[in-house]
Amino acid sequence: MGLLPKDADILPPSDDRVFKLILTAPEAKPVLMDLIAAIIQRPVVNVVVRNNEIPPGDTEEKAERFDVNCQTDDGSQVDLEIQASRIEEDVGGKHQNLKGKSIYYLCDLHSSQPSKGVRRYDRLARTYQVTFCSYTVFPDRAEYLNSFSMRHDQDNELLSDAIHIVYVELSKLQEIMKKSVTDMTDLEKWAIFFRYASEPTCRETVNEVIASKEVLQMAGDLLMSISQDERERAVFRSRRMYQTDMQSNIATAEDRGRTERDMEYIKNLTRLGFTLEQIMEISGLPLEEVEHLRAMEKS
């Protein structure tokens, strides 16, 4: 019935490839329909996935998009993605890169609707860009679910319900985990499943959530099947190693660049006649670091 064995090594459904494999499996239509209905807050009686392909399992595949692009029975377009790792952001940028990505995908999808004859803009289907995020995007908001539409800047009057951006922050589920499963909403149950299914310490609660709905039992079966697939486990390990190596390379390059900048700074201060103590005060670097950089510059 989809329950996960207590000590089983389960791949995280919050991984973007695993997420897509679960939602786009041939038998997963009821799973996808229920998840979308929980997000858009209305019944979904049919759904068509429009990009079901999974890129080859090599280390370069992270450049591919693992979003799930689909259309519901009333024509609404829904793009689902999971942001498992942080994307590059400017310091103090308040996740503007992530938000800009969501806006770009939303506008691209909404404007790509086919036109037959004369386009009636008032008859375009609704479009939803939905991001399940493993980290916190809105630290000043307690809610794990944050939805945005087009409204007046001053009085909040709705301009149009044609486009929606939805963020489901999986980092904000601690209070929901304390609730009785019978008191959880459908979306809360899905969020718990995606966030905690791979964690043995939360397995009991996750299994209670899975047991509460047939579609979640189907999702549990799919996740278990993926986790037992040796090829998928190998792909998961390879992708994680690739991502870790990339992060290490970036950090190494940043450290090297920082060292070169500090060396140039110390050299210029020395050339201008500043003493060792003055250089320490101006640069904010400790004595050992200043002496080390000066020695490196001389070598």
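Let me begin by describing the structure that accompanies this report. (Residues numbered from 1 in each chain as written. Predicted model: local features only at pLDDT ≥ 70, side-chain atom pairs only at ≥ 80, totals over all residues. Heavy atoms only, no water.)

As for the sheet that holds strand S6 (residues 158–169)
- Taken in spatial order, the six strands line up as S1-S2-S3-S4-S6-S5 in an open sheet, and their pairing is mixed. Each edge of the sheet is formed by a strand with only one pairing partner; in this case those strands are strand S1 (47–49) and strand S5 (145–151). Strand-to-strand, the axes of this sheet are offset by a mean angle of 20 degrees, without reference to chain direction.
- Of the pairings in the sheet, the one linking S1 to strand S2 (residues 68–72) comprises three bridges and is antiparallel in character. By the bridge assignment for S2, Val47 is matched with Thr72.
- Seen against the sheet, helix H3 (residues 96–111) touches S2, strand S3 (77–83), strand S4 (127–133) and S6 and runs at an angle of roughly 135 degrees to S6. (Pairing = 2+ DSSP bridges. Helix = DSSP H or I, 4+ residues; strand = E, 2+ residues; numbered from the N terminus. Axes fitted to C-alpha atoms, helices over the stretch in contact; angles between N-to-C directions. Contact = heavy atoms within 4.5 Å.)

Digging into the pattern of salt bridges
- Here the structure, examined in full by the defined rule, presents 12 salt bridges.
- In this structure, Arg233 engages Asp9 in a salt bridge whose closest nitrogen and oxygen atoms are separated by 2.4 Å. Placement of the pair is Arg233 in helix H8 (residues 230–271) and Asp9 in the segment before helix H1 (16–24), with a sequence separation of 224 residues.
- Classification of Arg233 as buried rests on a relative accessible area of 13%.
- Glu169 is the salt-bridge partner of Lys172, the closest N and O atoms lying 2.9 Å from each other.
- Each of the salt bridges in this network shares a partner with another, and the network as a whole consists of Arg17, Arg231 and Glu232. (Salt bridge = Lys/Arg side-chain N within 4 Å of Asp/Glu carboxyl O. Buried < 20%, exposed > 50% of the residue type's maximum accessible area, 1.4 Å probe, protein only.)

Remarks on the environment of Gln71
- Note that Gln71 resides in strand S2.
- With 25 residues separating them along the chain, Gln71 and Asn46 place their C-alpha atoms 8.5 Å apart.
- Not counting residues within four places of it along the chain, the set of residues in contact with Gln71 comprises Asn46, Val47, Val48, Arg50 and Ser76.
- A distance of 3.3 Å separates a polar side-chain atom of Gln71 from the backbone oxygen of Gly75. (Polar contact = N/O pair within 3.5 Å; in protein donor to acceptor, adjacent residues only side chain to side chain.)

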